[in-house]
Amino acid sequence: IWPGHGGPLTPAQVQARAARDGGARTATFEAPAVTAPAGMVRVPGGVFQAGALTLEVGPFLIDRAEVTVGAYQRCVDEGVCEAPVDPFGQMRRPELPVVNVTHAMAVTYCGWAGGRLPSAAEWLLAARGYEPRRFPWGERAAHCGLARLAGCGEGAGAPGGLAADRSEFGLVDVVGNVSEWTLDGPLAPRPAGGVLRDPVGGSADGRVMVRGGSFLSPATEAELSRATAVDAREARVDRGMRCARGI
């Protein structure tokens, strides 16, 4: 809904108003009502700023929390997913986020679960919302009472352990706990201006975007806008995933 507008906007209206206002405002457009399955939330999509770029994504569903060991193990038990390397015995704790997965392993799991990984743009909108805030709670610097970051405890915690680390759409652990694979690689450089619709970066060089901080991230490196391009073959003890679906 555009502020001051009496009802839902169509995608064409969103584009026109964003162009008219120079991208200075954000808007959402409404898709037909879809009830989110258990464990997922609905994000209505819309236009928002990501640095100098104006992005638009359509509505989608996304997991409320990071995929757990228990959920991933079911995929392993069915012979679809590969078991992660588990030097610290985390796979014996079904309530914790699954980690030590490569990008291909994350793609396989989300496909088995009936979805896909979120694009980097979808992840940003779901985690940050339409306003360019640093953290879900606003501009205040992160600390251990707000998110599970470096120095806040040994390893990852069960999802949703800190109420402040929750997006306006209901996603938990978007600042800390474990970082997360996204679908795509970096966006190609381009001049500012116009609206990029459903942007998906390339990954021809084997790099994929990771978003969100982790229990190994310094508080100074945990802002929601931060994203890192990493080798898709990399598996880390502090990296997991959450899945998405289009509507």
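What counts and what doesn't
Residues numbered from 1 in each chain as written. Predicted model: local features only at pLDDT ≥ 70, side-chain atom pairs only at ≥ 80, totals over all residues. Heavy atoms only, no water. pLDDT = per-residue confidence, 0-100. Contact = heavy atoms within 4.5 Å. Helix = DSSP H or I, 4+ residues; strand = E, 2+ residues; numbered from the N terminus. Buried < 20%, exposed > 50% of the residue type's maximum accessible area, 1.4 Å probe, protein only. Pairing = 2+ DSSP bridges. Axes fitted to C-alpha atoms, helices over the stretch in contact; angles between N-to-C directions.

Asker: Teacher, can you tell me more about the confidence of the model for the protein chain here?
Answerer: Caution applies to low-pLDDT regions: their predicted coordinates should not be interpreted in detail. Overall, the predicted model of the protein chain reaches an average pLDDT of 88, with 86% of residues at or above 70. Between residues 1–25, whose pLDDT stays under 50, and residues either more than four places distant or in other chains, the model counts 37 contacts.

Asker: Sorry, what's going on with unusual backbone geometry here?
Answerer: What you tend to see is this: most non-glycine residues have negative phi, and most peptide bonds are trans. Even without being a glycine, Asn-177 presents a positive backbone phi close to 80°. Among the secondary structure elements, Asn-177 is positioned in the loop between α4 (120–128) and β5 (179–181). Notably, Asp-198 is not glycine yet its phi reads approximately 45°, a positive angle. Locating Asp-198 in the fold gives a position in the loop between β6 (195–197) and β7 (207–211).

Asker: Sorry if this is basic, but what is going on with α4 here?
Answerer: Extensive coverage of α4 is indicated by the burial of nine of its nine residues. The set of residues buried in α4 consists of Ala-120, Ala-121, Glu-122, Trp-123, Leu-124, Leu-125, Ala-126, Ala-127 and Arg-128. Close packing links the buried residues of α4 with β1 (40–43), β2 (46–50), β3 (53–57), β4 (60–63), β5 and β7. Two residues or fewer past α4, Gly-129 is found with a positive phi of approximately 85°.

Asker: Which parts of the structure should I look at to understand the sheet that holds strand β10 (residues 244–246)?
Answerer: Hydrogen bonds between backbone groups are what pair the strands of a sheet, and the pairing can be parallel or antiparallel. In spatial order, the strands read β1-β4-β10; together these three strands make up an open sheet with antiparallel pairing. One side of each edge strand has no neighbouring strand; the edge strands of this open sheet are β1 and β10. Taken pair by pair, the neighbouring strands of this sheet meet at an average axis angle of 20°, ignoring direction. Sheet topology places β4 next to β10; three bridges connect them, and they run antiparallel. In the sheet register, Phe-60 faces β10, and the bridge partner there is Gly-246. Along the sheet, α4 makes contact with β1 and β4, crossing β4 at roughly 75°.

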